[in-house]
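Listed below are the residues making up each chain.
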Amino acid sequence: MTALPFGLSLYRVAMAALAGFVPGYLMKRAKAGKEDVKRLDERLGIAGAPRPEGALIWLHAASVGESLMALNVARGLLAARGDLSVLLTSGTVTSANVIAKQTDGRLLHQYVPVDTEKAVAGFLDHWRPDVGAFFESELWPNLILAAQARGIGLALLNGRMNGASIRNWSRFRGSARHLLGAFEVLQAADGLTASALADLSGRDVAETGNLKLAAPPLPIDTAALEKLAKTIGKRPIWLAASTHDGEEALVLDAHASLILGDRTALLILAPRHPDRALAVQLLIERSGLVSARRSTGSAPTPATQVWHWDTLGELGLAYKLASVTLVAGSLVPGIGGHNPVEPVQLGSAVITGPFTASFDDLMAAFEAGGGARVLAMPSANALAMAVAGLWGDPEIRAKQCAAASHIVASGKGSLALAVDGVLSLLKAKP
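Keep in mind that what you see is a predicted model, and the values were worked out from it rather than measured.

Focus: empty space enclosed by the protein
- Scanning the entire structure with this criterion turns up one cavity of 30 Å³ or more.
- Considered as a void within the structure, the largest cavity measures approximately 90 Å³ in volume.
- Lining the largest cavity we find 13 residues, and of these L139, M161, W169, L180 and L197 sit closest to its centre.
- Counting residues per element, the ones that place at least two in the lining of the largest cavity are β5 (153-159), α9 (173-180) and α10 (191-201).
- Take the lining of the largest cavity: its biggest share by element is three residues, from α9.
- Looking at the lining of the largest cavity, its residues break down into nine nonpolar, two polar and two charged.

The following block contains the structure:
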């Protein structure tokens, strides 16, 4: 057995030393709403459901965005083979809630085990997956190496690395090569990542396109859309989608400026995490703007200036209502932005702030192709001007939406390549 490189050995020792503190740490997170207290055993490697009979493909995604990609791949796998099941793991409560709406007898969800040897062993002992696929950069060393040791074929799908992560991995080249060597299939979302993975792994790596571009549009309740559109009427609407702490105040200031130009303007404010709804509502009330809350069933009246969209699973409806969308997570540093594809697919023109490190590849393509407006500075004034500019010129807005749609269409082939990559590992099983 090949000895582990120093970096991976140090990681394994550190995780072993911390293992005893994990249950208490998880409970603390559960009290803060960051874990599902009823399913903490899953995080410790104790299964919450029986393993289905037959072949089992395991897909692991970090959070909501990656989980939506994984669901898309799962549907492709299940459609291609009627004799297999798919286990989807993720690490956040929000992603679990999203996936739960899609599970059935052949598609299951579990929380990913924490990366201790005991939790990983318990997870793999129970589920015994035939093949595993990890999305983007969600690489847990103990989990990956234990799966490899058991002969589980592994794929890295939609691999994505930004400049910072490439520099970090380059500092531990031996560990990176060892870890990437566990993957029989390596697929990169973009050229930068393909080059970096090839350099770190010492292998040829295919640039297969970004799976985020291949995702289907978010679902829409057509009846609800028609009812709300009739209720709202012909008001100019913009959406601040997936906002974080520090962004809502700026968004509200921008909307206060927009109201000076058009008293009928309506802002749909959708926080990324609904558990922040109370804090966001307090901000709205302090702003002096008249609001309604989606979670209470309240529809906006002509007097409503801010519609607080504090629900889960309805963002597609909000994109469809709004002619312009701010893709948030981009106005403050440290988050990296969110997926700009979702609003484009539903006909909403995209604005983002400058902090989009997690989507640099997509945003570079959108900006270069005229498919999005990227604010140079995250100010309320700049945001208000960008929204007003798109509202005020329908022709420019239509051209931006068309350019963005063309870019999204370019990634459709990536889904078939991902499905084929995973199935190739299953076919290679004895």
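Let us keep going from here.
Here we look at the pairing of strand β2 (residues 84-90)
- Burial within β2 is extensive, with seven of its seven residues counted as buried.
- A two-sided burial pattern is seen for β2, the buried positions comprising L84, V86, L88 and S90 on one face and S85, L87 and T89 on the other.
- The pairing of strand β1 (residues 55-60) with β2 spans six bridges and is parallel. Looking at β2, one finds that H60 is bridged to T89.
- Crossover handedness for the path β1 to helix α4 (residues 64-80) to β2: right-handed.
- As judged from the five bridges shared by β2 and strand β3 (residues 107-111), these two strands associate in the parallel manner. Across the sheet, T89 pairs through a bridge with Q110, a residue of β3.
- This β-α-β element, β2 to helix α5 (residues 93-100) to β3, shows right-handed connectivity.

With respect to the pattern of salt bridges
- For the coordinates displayed, the defined rule picks out 14 salt bridges.
- For R150, the salt bridge goes to D125, with nearest N and O atoms at 2.8 Å. Taken as a pair, R150 in the loop between α7 (141-149) and β5 and D125 in helix α6 (residues 117-127) lie far apart in primary sequence, 25 residues in all.
- Judged by relative accessible area, which is 41%, R150 ranks as partly exposed.
- Residue R276 pairs with E248 through a salt bridge whose shortest N-O separation is 2.8 Å.

Description of helix α17 (residues 380-392)
- Taking 1.5 Å per residue as the helical rise, α17 with its 13 residues ought to reach 18 Å, and the 18 Å between its terminal C-alpha atoms agrees with that figure.
- Contacts from the buried residues of α17 go to β8 (237-243), α12 (248-261), β12 (324-327), β13 (349-352), β14 (373-374) and α18 (394-409).

A word on the sheet that holds strand β6 (residues 185-188)
- The seven strands lie next to each other as β3-β2-β1-β4-β5-β6-β7, forming an open sheet whose pairing is parallel. The sheet is open, and its two borders are formed by β3 and β7 (206-207), each paired with just one other strand.
- Against the sheet, α10 touches β5, β6 and β7, its axis set at about 145° to β6.
- Seen against the sheet, helix α19 (residues 413-427) touches β1, β2, β4 (131-135), β5 and β6 and runs at an angle of roughly 175° to β6.

Comments concerning the packing of aromatic side chains
- Under the definition given, this model contains four aromatic pairs.
- With centroids separated by 4.7 Å and ring planes inclined at 75°, the aromatic side chains of W307 and W309 adopt a geometry described as edge-to-face.
- You can call W307 buried: its relative accessible area is 0%.
- On the accessibility criterion, W309 (1% relative accessible area) is buried.
- An aromatic cluster is present here, built from W58, F123, F134 and F183 joined pairwise through their rings.
- The ring of F359 has R160 lying over it, and the distance from NZ or CZ to the ring centre is 5.5 Å.

Focus on helix α13 (residues 277-287)
- Buried within α13 are the following residues: A277, V280, Q281 and I284. The buried residues of α13 all sit within an arc of 100° when viewed along its axis, so they share a single face. Facing away from the buried side of α13 by over 90 degrees, the exposed positions are L278 and R286.
- Along its buried surface, α13 packs onto α12, β9 (266-271), β10 (291-293) and β11 (306-308).
- The first or second residue beyond α13 is G288, which carries a positive phi of 85°.

Reading guide: rules and limits
Residues numbered from 1 in each chain as written. Predicted model: local features only at pLDDT ≥ 70, side-chain atom pairs only at ≥ 80, totals over all residues. Heavy atoms only, no water. 1 Å grid on protein atoms, 1.4 Å probe; cavity = no way out; pocket = protein on both sides within 12 Å on 5 of 7 lines; lining within 4 Å. Points joined across faces, edges and corners; volume = space filled by probe spheres on them. Helix = DSSP H or I, 4+ residues; strand = E, 2+ residues; numbered from the N terminus. Nonpolar A, V, L, I, M, F, W, Y, C, P; charged D, E, K, R; others polar. Buried < 20%, exposed > 50% of the residue type's maximum accessible area, 1.4 Å probe, protein only. Pairing = 2+ DSSP bridges. Right-handed = clockwise from strand over helix to strand, strands pointing away. Salt bridge = Lys/Arg side-chain N within 4 Å of Asp/Glu carboxyl O. Expected span 1.5 Å × (residues − 1). Contact = heavy atoms within 4.5 Å. Axes fitted to C-alpha atoms, helices over the stretch in contact; angles between N-to-C directions. Phe/Tyr/Trp six-rings, centres within 6.5 Å; stacked < 30°, edge-to-face > 60°. Lys NZ or Arg CZ within 6 Å of the ring centre and 35° of its normal. Arc of directions from axis to C-beta.

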